[in-house]
Amino acid sequence: MYDNFSEAVNRIIEYNLNKVSTALPCIVVGVSGNSVDVKPALLTKYRDGSVSEPATLLGIPLVMPGSATALVNIPVKTGDIVLCVFSMRGLDAFKAGDG
């Protein structure tokens, strides 16, 4: 039992935030042009000992490091390990040029 309501709420928030990913190692399962299909490399293990198989993420844009004058192009193939980065906020305004 928790000492007070505030402690209980904080524990619930902490528990749920632990399920949020902002970056995750993934295995490439398909390549199509500048996008990839990936499967998260980390499994989720639950308190009862069961493990869930992660869903495949489809059509993820493949971004290479670059600037206005140069680009590094690294060939990616099925079986490669990549790092998927997830934005904490919506990117629609940014992509539209409205920042």
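Residues numbered from 1 in each chain as written. Predicted model: local features only at pLDDT ≥ 70, side-chain atom pairs only at ≥ 80, totals over all residues. Heavy atoms only, no water.

### Looking at the overall build of the chain
Here's step 1: A count of helices and strands for the chain gives 2 helices and 6 strands.
Here's step 2: For a compact globule of 99 residues, the expected C-alpha radius of gyration is about 13 Å, and the chain comes in at 18 Å, more than 25% above that figure.
Here's step 3: Within the chain, the proportion of its 99 residues that are buried is 14%.
Here's step 4: Total accessible area on the chain is roughly 8200 Å²; 58% of this is exposed by carbon and sulfur atoms. (Helix = DSSP H or I, 4+ residues; strand = E, 2+ residues; numbered from the N terminus. Rg over C-alpha atoms; globule rule 2.2 N^0.38 Å. Buried < 20%, exposed > 50% of the residue type's maximum accessible area, 1.4 Å probe, protein only. Areas by Shrake-Rupley, 256 points an atom, 1.4 Å probe, with all protein chains shown as cover.)

### Thoughts on the layout of surface pockets
Here's step 1: What the largest pocket holds in volume is close to 490 Å³.
Here's step 2: Taken together, 15 residues line the largest pocket, and the ones lying closest to its centre are Ile60, Pro61, Val63, Leu83 and Val85.
Here's step 3: Of all elements in the fold, only β5 (57-61) and β6 (81-85) reach the threshold of two or more residues within the lining of the largest pocket.
Here's step 4: The element that contributes the greatest number of residues to the lining of the largest pocket is β6, accounting for 4 residues.
Here's step 5: Here the lining of the largest pocket is composed, by residue class, of 14 nonpolar, 1 polar and no charged.
Here's step 6: There is about 220 Å³ of room inside the second largest pocket.
Here's step 7: Lining the second largest pocket are Tyr15, Asn18, Lys19, Thr44, Lys45, Tyr46 and Arg47.
Here's step 8: Residues of the lining of the second largest pocket, tallied by class, amount to 2 nonpolar, 2 polar and 3 charged. (1 Å grid on protein atoms, 1.4 Å probe; cavity = no way out; pocket = protein on both sides within 12 Å on 5 of 7 lines; lining within 4 Å. Points joined across faces, edges and corners; volume = space filled by probe spheres on them. Nonpolar A, V, L, I, M, F, W, Y, C, P; charged D, E, K, R; others polar.)

### Focus on the pattern of salt bridges
Here's step 1: The full count for this structure, using the stated rule, is 3 salt bridges.
Here's step 2: Across the salt bridge formed by Glu53 and Lys39, the nearest N and O atoms sit 3.8 Å from each other. Of this pair, Glu53 sits in the loop between β4 (51-52) and β5 while Lys39 sits in strand β2 (residues 35-40), and the two are 14 residues apart along the sequence.
Here's step 3: When its relative accessible area of 23% is taken as the criterion, Lys39 is described as partly exposed.
Here's step 4: Across the pair Asp80 and Lys77 runs a salt bridge whose closest N-O atoms are separated by 3.2 Å. (Salt bridge = Lys/Arg side-chain N within 4 Å of Asp/Glu carboxyl O.)

Bear in mind that shape data such as this cannot, by itself, settle questions of function.
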